[in-house]
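Examining the three-dimensional arrangement
Chain by chain, the residues:
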Amino acid sequence: EQSTDDDEIKQLVDSFNNMLGRLKSEVELLDRFNSDVSHELKTPLTVLKGEVEIALRKDRDTTYYKETLKIVLKEVNYLIEIAKKIERKYYEIDKR
């Protein structure tokens, strides 16, 4: 009977170790995902900030403001695409 108990304990330990390994892998995947998201968001946000800061430094003509708003719109659209990608990635991870 001792052998049976030892086998059951070994199976339990193996199962627990496998679970910890999977959990570690998922945490590493989530960390990598967060790092990628952060990197992807920094560039368009930096562009938006810079364009708005420059536009606000002094009075400018209407054409300048229109061009600035076009750049801002482009970056906002890019951020929306990033958000959609994040959402898709989240659902891929969530389905595991």
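Placed above this text is the structure.
Read on for a plain summary of the structure. The structure presented is a predicted model; accordingly, all values stated were derived computationally and were not measured.

1. Observations concerning helix α1 (residues 2-57)
Between its first and last C-alpha, α1 extends 81 Å over 56 residues, near the 82 Å set by a 1.5 Å rise per residue. Along α1, the residues classified as buried are Leu 29, Phe 33, Val 37, Pro 44, Leu 48, Glu 51 and Ala 55.

2. Concerning the environment of Asp 61
Here Asp 61 lies in the loop between α1 and α2 (62-94). Within the structure, Asp 61 has its side chain in polar contact with the backbone nitrogen of Tyr 64 (distance 2.8 Å).

3. As for a nonpolar patch on the surface
Where nonpolar side chains cluster on the molecular surface, the patch consists of Phe 16, Met 19, Leu 20, Leu 23 and Val 27 and spans about 450 Å² of accessible area. If you trace the backbone, Leu 20 turns up in helix α1. Given the relative accessible area of 38%, Leu 20 is considered partly exposed.

4. Concerning the packing of aromatic side chains
Counted according to the given criterion, the structure contains one aromatic pair. Arranged with centres 6.2 Å apart and planes meeting at 75°, the rings of Tyr 64 and Tyr 65 form a pair that is edge-to-face. Relative accessible area serves as the criterion here: at 25%, Tyr 64 is assigned to the partly exposed category. Over the ring of Tyr 64 we find Arg 60; its NZ or CZ atom is 4.5 Å from the centre of that ring.

5. Topic: the pattern of salt bridges
Think of it this way: side chains of opposite charge can pair up when their charged atoms draw near. If you walk through the whole model with that rule in mind, you get five salt bridges. For the salt bridge of Asp 14 with Lys 10, the shortest nitrogen-to-oxygen distance reads 2.9 Å. With a gap of four residues between them, Asp 14 and Lys 10 both fall in helix α1, about one helical turn apart. Relative accessible area serves as the criterion here: at 32%, Asp 14 is assigned to the partly exposed category. Exposure remark for Lys 10: the relative accessible area of 52% places this residue in the exposed category.

6. Overview of the side chain of Glu 75
Mapping Glu 75 onto the fold places it in helix α2. Although Glu 75 lies buried, it forms no salt bridge, and the closest oppositely charged side chain, Lys 74, sits 4.6 Å away as judged by the N-O distance. Contacts of Glu 75, omitting those with residues within four sequence positions, involve Pro 44, Val 47 and Leu 48.

Definitions and cut-offs
- Residues numbered from 1 in each chain as written.
- Predicted model: local features only at pLDDT ≥ 70, side-chain atom pairs only at ≥ 80, totals over all residues.
- Heavy atoms only, no water.
- Helix = DSSP H or I, 4+ residues; strand = E, 2+ residues; numbered from the N terminus.
- Expected span 1.5 Å × (residues − 1).
- Buried < 20%, exposed > 50% of the residue type's maximum accessible area, 1.4 Å probe, protein only.
- Polar contact = N/O pair within 3.5 Å; in protein donor to acceptor, adjacent residues only side chain to side chain.
- Patch = residues over 30% accessible without salt bridge, like charges linked within 9 Å, V, L, I, M, F, W, Y side chains within 5 Å.
- Areas by Shrake-Rupley, 256 points an atom, 1.4 Å probe, with all protein chains shown as cover.
- Salt bridge = Lys/Arg side-chain N within 4 Å of Asp/Glu carboxyl O.
- Phe/Tyr/Trp six-rings, centres within 6.5 Å; stacked < 30°, edge-to-face > 60°.
- Lys NZ or Arg CZ within 6 Å of the ring centre and 35° of its normal.
- Lys, Arg positive; Asp, Glu negative; His and termini not counted.
- Contact = heavy atoms within 4.5 Å.

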